Amino acid sequence: VMLRWRLLSALVIISVLLGFICLDYWHPWGAPTGLWLLPLLLLATVLATSEVLGLLKASNLQPVPWAVYGGTLMVILGSAIPIFYECTGAVYPADCPFGQLGWPTVMTGLALVVLFVSEMLRYEQPGRVIMHVASGLLAVVYVGLLASFLIALRRFHDHQWGMVALISVVAVVKVSDSGAYFVGRSCGRHKLAPKLSPKKTIEGAVGGLVFGSLAALVYFYWLVPNIFGLDLGDKAGGLQVVCWIIYGLILTVAGMVGDLAESLWKRDSQQKDSSQWLPGLGGVLDILDSLLVAVLPAYLCWAIGLVGPG
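Just so we're clear, the structure is a prediction, and the values are computed from it rather than from any experiment. (Residues numbered from 1 in each chain as written. Predicted model: local features only at pLDDT ≥ 70, side-chain atom pairs only at ≥ 80, totals over all residues. Heavy atoms only, no water.)

## Observations concerning the packing of aromatic side chains
Using the criterion set out here, one finds 15 aromatic pairs in the structure. A centroid spacing of 6.4 Å and a plane angle of 85 degrees characterise the contact between phenylalanine 156 and tyrosine 299, whose relative ring orientation is edge-to-face. Of this pair, phenylalanine 156 sits in the loop between helix H6 (129–154) and helix H7 (159–187) while tyrosine 299 sits in helix H10 (residues 284–304); the two residues are 143 residues apart in sequence, bridging distant segments of the chain. Neither phenylalanine 156 nor tyrosine 299 differs from the other in exposure class; each is buried. Ring-pair connections join several aromatic residues into one group, and the members of that group are Phe149, Phe156, Trp161, Tyr219, Phe220, Tyr221, Trp244, Tyr247, Tyr299 and Trp302. (Phe/Tyr/Trp six-rings, centres within 6.5 Å; stacked < 30°, edge-to-face > 60°. Helix = DSSP H or I, 4+ residues; strand = E, 2+ residues; numbered from the N terminus. Buried < 20%, exposed > 50% of the residue type's maximum accessible area, 1.4 Å probe, protein only.)

Rendered as structure tokens:
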């Protein structure tokens with residue numbers, strides 16, 4: 001029954017995501033790159049922030065909710081400033097000192113100020129202020145700042161390559177997640193981290209690494225040229241194939257770290273799931289945990305040219 005609900009929830013999520021991806025790729029009415037996907041990211045941010053606040057509350061940490069919601073949304077909306085700029089019909093200037101990554105950095109700093117102000121407004125007695133500010137900033141960085149790299153990936157290089165970059169991280173991480181789940185479920189014998197996540201096994205982790213590297217290889221070798229129509233040219237040579245596999249392995253390992261990081265948080269808060277938004281899958285954080293950590297090294301791989309246009 002649980003597997004059935006898991007597959008049904010995954011089908012719904014994939015269908016909705018594909019719908020928004022198609023809209024953003026074809027950008028009807030001349031919408032700027034990333035605009036159609038932004039509402040979906042904002043919704044996920046709000047839901048994930050709600051779950052983070054629940055985990056913090058279970059650990060007796062209660063930053064001011066409106067300040068945390070405001071902080072995470074500020075970071076995401078700050079990351080989207082180039083998108084809003086292009087809604088005016090102008091091209092976002094390449095020589096802007098903030099670029100793409102400067103805005104979320106500025107907004108994270110402002111979010112810290114907002115968290116301090118929120119504690120000033122409700123201050124009554126000493127003892128918990130710094131812990132609440134620190135935990136609130138943790139929520140802003142974990143949900144807002146890490147998720148902002150999804151926008152940075154979507155706007156990487158140009159409209160086409162940006163979509164290739166975004167889908168690559170989602171595809172590799174989720175295929176490796178699924179591979180680890182099914183391999184671990186069918187033949188897992190040795191526990192990977194029994195104190196954090198008793199169901200995860202070493203066999204599952206190995207399966208995740210295999211599936212993740214194969215997903216990257218299939219994606220770049222077959223899907224990118226055949227679906228996106230991009231000519232890889234000599235980048236399909238032996239060295240580049242190795243780079244694709246390395247990319248898949250890096251994202252898989254990062255995804256596993258993200259998954260275990262949320263498991264650590266849930267164990268420390270003594271919570272089984274971050275919420276019950278999604279039957280069979282748990283909460284939004286249970287879906288995003290691996291992606292939030294993997295998107296940063298994914299962006300670094302694209303930025304240094306491990307993968308991407310030549």
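Past the structure itself, the notes keep going.
## A look at helix H5 (residues 102–122)
Look at H5: 31 Å from first C-alpha to last across 21 residues, which is about the 30 Å you get at 1.5 Å a residue. Among all positions in H5, only Trp103, Pro104, Met107, Thr108, Ala111, Leu115, Ser118 and Glu119 are buried. Along the axis of H5, the buried positions cluster into a sector of 145 degrees, meaning they face one direction only. Seen from the open side of H5, the exposed residues pointing more than 90 degrees away from its buried face are Thr105 and Met120. (Expected span 1.5 Å × (residues − 1). Arc of directions from axis to C-beta.)

## Let's talk about unusual backbone geometry
Leaving glycine aside, a negative phi is the common case for residues, and trans is the common case for peptide bonds. Notably, asparagine 60 is not glycine yet its phi reads approximately 65 degrees, a positive angle. Residue position: asparagine 60 is located in the loop between helix H2 (38–58) and helix H3 (65–79).

Scope: geometric values only; no functional claims are made or implied.
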